[in-house]
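# Coordinates in review
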Amino acid sequence: MRMILGRLLVVAVLAAAAAAAESEPRLPAAEQEGVYAVLEAVNPGFPWRASFPDDLCLAGPHGVSCDDDDGGNKSHVVGISLGYVSDFSANPSCAAPSAATLLTSGLLAASFPRLRSLFVYGCFVGDDDARPLPPLPWRLPPTLQDLVLVNNPALTGRLTISAASLPLLRRLVVASSGLSGDLPSTPFPRLEQLVLSGSRFAGRIPSALVQGLANVKILDLSSNLLAGGIPRAIGGLTQLVKLDLSSNTLAGPIPGELGGLASLELLDLSNNRLTGGVPAALRGMTAIKEMYLSGNRRLGGRVPADMFAGLKGISAVGLSDAGLTGTIPASLGESLRNVTYLGLDGNLLEGEVPPALAKMAGRVRLHGNRAVCISPEFLAGAPRPRIAGVPSCNATQAAPVTRRPVVMPVPLASAEKPAAAAPPPPMRIGSCVVVAMLLLMLS
């Protein structure tokens, strides 16, 4: 009997200890208080403490993610996502302009010793939110690996971070912000994604930054105020899959060193001030799928048909409004027979459109050239000719230059709608994939 009572007592003691352990918060008090401070900074009007009084790792709001320590006895905050994205990612919404000071106040660094991810979406969008960040270094946890700030146009000031303070950073995304000034000039050797787009960054692209991006796969500096030339060192970033420098004021030639980017799938240098033609060295981009050089009005040169001959996987080429001259090479139809989009409009091209283009399984834009015309051979080779604005070669040779859009099909898998005036090029696959991946990974 005594043995049975002893065993029951041991079981009761163990059960009581287990119940006590379960009742103790797994999240350290300092981190619990830090989460409350962050939530109250972004939305002070909401009763966060009353609505979420328990352990925030076990019963907290969406946007706070935790992980256990090695022993499994404690939890720690490893991810904070702010800004309502959708009903499926209902992160805490932002309602206070002072929330921007979270980046410089040191609260995050002091409160979360294991924070790996910080995601801020649409928190600074109106005039009331337009308060420049103080001219101080951003004080973030050194454990941070992903820093993503998307759609914050009223977030202004400077991007003052360095690899010394964020040695583990592998993803830095600042898209659609009001941040300005120079790009960071220090290397980030662990970065895999560097996206600083749709902002007001100016000056040259620092060579020191480029040379310190040995592991980068995505480099997107589009839609800023960047000037100067394209650094030749970019050609040494052999792991690059996407390079987007579009919509800046970059000038000078396209470096032939870019031809060494054998893994590159998307190249977008459109809408800059580049000159010197399309370098033949780009034929080294054997994995390229999309190439956009449109909008460089002084690029000049001829259509680089020979360069495209070895790029078997390319599906979209933008050479619109690029100052191209001469005739359209007959070999272009063979080199680009698999493309779904070929923009040659707005140039200074002349002569007959090669009949081989009629067999391309895609769409060609040719309007706004000097004097191109359609030959009877082309018409005979187009199963469903629908050509507007390009004169027949039998017509008067003194026909004026047309500025109307010309869509020349070519056999498609499904029926197409008639083209509107100056239709935009197709959506770039790379950008959509990046944003989707970011939202999925950080939600």
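Residues numbered from 1 in each chain as written. Predicted model: local features only at pLDDT ≥ 70, side-chain atom pairs only at ≥ 80, totals over all residues. Heavy atoms only, no water.

## Regarding the environment of N271
Note on placement: N271 falls in the loop between strand 12 (266–268) and strand 13 (273–275). Residue classification places N271 among the partly exposed residues on the basis of a relative accessible area of 41%. Distance from N271 to R297, taken between C-alpha atoms, is 8.3 Å for residues 26 residues apart in sequence. With residues up to four places along the chain from it excluded, the contact list for N271 reads S247, N248, S294, G295 and N296. (Helix = DSSP H or I, 4+ residues; strand = E, 2+ residues; numbered from the N terminus. Buried < 20%, exposed > 50% of the residue type's maximum accessible area, 1.4 Å probe, protein only. Contact = heavy atoms within 4.5 Å.)

## Some points on the nonpolar core
Nonpolar side chains tend to gather and get buried jointly when the protein is soluble and globular. With 101 residues, the main nonpolar core has W138, I234, L243, L267, M291, F308 and L344 as its most contacted residues. Of all the elements, helix 2 (residues 29–42) adds the most residues to this core, at six residues. Listed in part, the seven residues of the second largest apolar core include F119, V173, A175 and V195. (Core = buried A, V, L, I, M, F, W, Y, C linked by side-chain atoms within 4.5 Å.)

## Describing the pattern of salt bridges
Enumeration according to the criterion identifies 12 salt bridges in this entry. A salt bridge links D67 to R116; the shortest N-O distance between them is 3.8 Å. Of the two residues, D67 is situated in strand 1 (residues 64–68) and R116 in the loop between helix 5 (107–111) and strand 3 (117–121); the sequence distance between them amounts to 49 residues. Where D220 meets K242, a salt bridge forms, and the shortest distance between an N and an O atom there is 3.4 Å. Here K242 lies in strand 10 (residues 242–244) and D220 lies in strand 8 (residues 218–220), a separation of 22 residues in the sequence. Residues participating in the shared-partner salt-bridge network are E33, E40 and R49. (Salt bridge = Lys/Arg side-chain N within 4 Å of Asp/Glu carboxyl O.)

## With respect to the environment of V38
For V38, the position within the fold is in helix 2. Overall, V38 belongs to the buried group, its relative accessible area being 2%. As a C-alpha pair, V38 and I80 span 42 residues in sequence and 9.3 Å in three-dimensional space. Excluding residues that lie within four positions of it along the chain, V38 makes contacts with I80, L82, L102, L107, L108 and F112.

## A word on the state of the cysteines
Chemically, a disulfide is nothing more than a covalent bond linking the sulfur atoms of two cysteines. Within this structure, the stated rule accounts for three disulfides. Through a disulfide, C94 is tied to C123; the S-S separation comes to 1.8 Å. You can see C94 sitting in the loop between strand 2 (75–82) and helix 4 (102–105) and its partner C123 sitting in the loop between strand 3 and strand 4 (146–158), a full 29 residues away along the chain. Look at C123 and you get buried, because its relative accessible area is 5%. The partner cysteine of C373 in its disulfide is C393, sulfur to sulfur 2.1 Å. Judged by the sign of its S-S torsion, about 90 degrees, the bond between C373 and C393 is right-handed. In this pair, C373 sits in strand 20 (residues 371–373) while C393 sits in the loop between helix 9 (376–381) and strand 21 (407–408), placing the two residues 20 residues apart along the sequence. For the pair formed by C373 and C393, the shared burial category is buried. (Disulfide = S-S within 2.5 Å.)

## So, helix 2
Look at helix 2: 20 Å from first C-alpha to last across 14 residues, which is about the 20 Å you get at 1.5 Å a residue. Every buried residue belonging to helix 2 is among E31, Q32, G34, V35, Y36, V38, L39, A41 and V42, and all of these are buried. (Expected span 1.5 Å × (residues − 1).)

## Comments concerning the pairing of strand 7 (residues 200–203)
Taken together, the two bridges between strand 5 (residues 171–181) and strand 7 define a ladder with parallel strand orientation. The residue bridging G181 from the neighbouring strand is F201, located in strand 7. In this structure, strand 7 lies alongside strand 9 (residues 225–226), joined through two bridges in parallel fashion. Paired with G203 across the bridge in strand 9 is L226. (Pairing = 2+ DSSP bridges.)

## Comments concerning the side chain of S335
Structurally, the position occupied by S335 is in helix 8 (residues 332–335). Residue S335 is classed as buried on the basis of its relative accessible area of 16%. Within polar-contact distance, the side chain of S335 engages the backbone oxygen of A305 at 3.4 Å. For S335, the residues in contact, after removing those within four places along its chain, are A305, F308 and A309. (Polar contact = N/O pair within 3.5 Å; in protein donor to acceptor, adjacent residues only side chain to side chain.)

## Structural notes on the environment of K312
Positionally, K312 belongs in the loop between helix 7 (305–308) and strand 15 (316–318). Take K312: its relative accessible area is 58%, and that puts it in the exposed class. There is a polar contact of 3.0 Å between the side chain of K312 and the backbone oxygen of A309.

## Some thoughts on the packing of aromatic side chains
Tallying each qualifying case throughout the model produces three aromatic pairs. With a centroid separation of 6.2 Å and an interplanar angle of 25 degrees, the aromatic rings of W48 and F52 are classed as stacked. Seen from their ring centres, F119 and Y121 are 6.4 Å apart, and the 15 degrees between their planes marks the pair as stacked. Relative accessible area serves as the criterion here: at 23%, Y121 is assigned to the partly exposed category. Each member of the aromatic cluster is reached from another via a ring pair, and the members are F46, W48 and F52. (Phe/Tyr/Trp six-rings, centres within 6.5 Å; stacked < 30°, edge-to-face > 60°.)

## With respect to the sheet that holds strand 18 (residues 348–352)
Here we have three strands laid out as an open sheet, ordered 16-18-20, and parallel in their pairing. The open sheet has two free edges, formed respectively by strand 16 (325–326) and strand 20, since each of these has just one partner strand. Alignment of strand 18 against strand 20, held across three bridges, turns out to be parallel. Bridging from a neighbouring strand, E350 pairs with A371 of strand 20.

## What to know about the side chain of Q32
Along the polypeptide, Q32 turns up in helix 2. Separated by 2.9 Å, the side chain of Q32 and the backbone oxygen of D54 make a polar contact. A distance of 3.1 Å separates a polar atom in the side chain of Q32 from the backbone nitrogen of L56. Once residues within four sequence positions are removed from consideration, Q32 is found in contact with L27, P53, D54, D55 and L56.

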